[in-house]
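# Structural overview for review
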Amino acid sequence: MRVATLAWNSHRHLELYLAVPCMGAVLHTVNARLQALDIARLPAHAEDRVLFVDRSIWRTVGTEIALRNAFGVH
């Protein structure tokens, strides 16, 4: 399983950085400074099954979801 994170460096991100590999999954960090369309494409291309999002970046994720639907990125 692949797990994506869209988060700033924080203690919560560090916890994911350590915990995800311990459960046998692959951690894929997404650069939060990218444009929304690029953020939408990366987890889709990597076939991530789970996306953890920092609360402060949530608005970007809403845009990401809209762009996925508009461009058919799945």
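We now turn to the structure provided with this report. (Residues numbered from 1 in each chain as written. Predicted model: local features only at pLDDT ≥ 70, side-chain atom pairs only at ≥ 80, totals over all residues. Heavy atoms only, no water.)

## Let's talk about the overall build of the chain
From N to C terminus, the chain includes 3 helices and 3 strands. Starting at the N terminus and walking to the C terminus, you meet the elements of the chain as β-α-β-α-β-α. Counting the 74 residues in the chain, one finds 32% classified as buried. (Helix = DSSP H or I, 4+ residues; strand = E, 2+ residues; numbered from the N terminus. Buried < 20%, exposed > 50% of the residue type's maximum accessible area, 1.4 Å probe, protein only.)

## Some points on the side chain of His-28
Relative to the assigned elements, His-28 resides in strand 2 (residues 26-29). The exposure class of His-28 is buried, given its relative accessible area of 15%. At 2.7 Å, the side chain of His-28 and the side chain of Asp-48 are in polar contact. Residues within four places of His-28 in sequence aside, it is in contact with Arg-2, Val-3, Ala-4, Thr-5, Leu-42, Pro-43, Ala-46 and Asp-48. (Polar contact = N/O pair within 3.5 Å; in protein donor to acceptor, adjacent residues only side chain to side chain. Contact = heavy atoms within 4.5 Å.)

## Some points on helix 1 (residues 11-22)
With 12 residues, helix 1 should cover 16 Å at 1.5 Å per step; its first-to-last C-alpha distance of 17 Å lies within 8% of that length. Elements in contact with the buried residues of helix 1: strand 1 (2-6), strand 2 and strand 3 (50-53). At the C-terminal side of helix 1, Gly-24 shows a positive phi close to 90°. (Expected span 1.5 Å × (residues − 1).)

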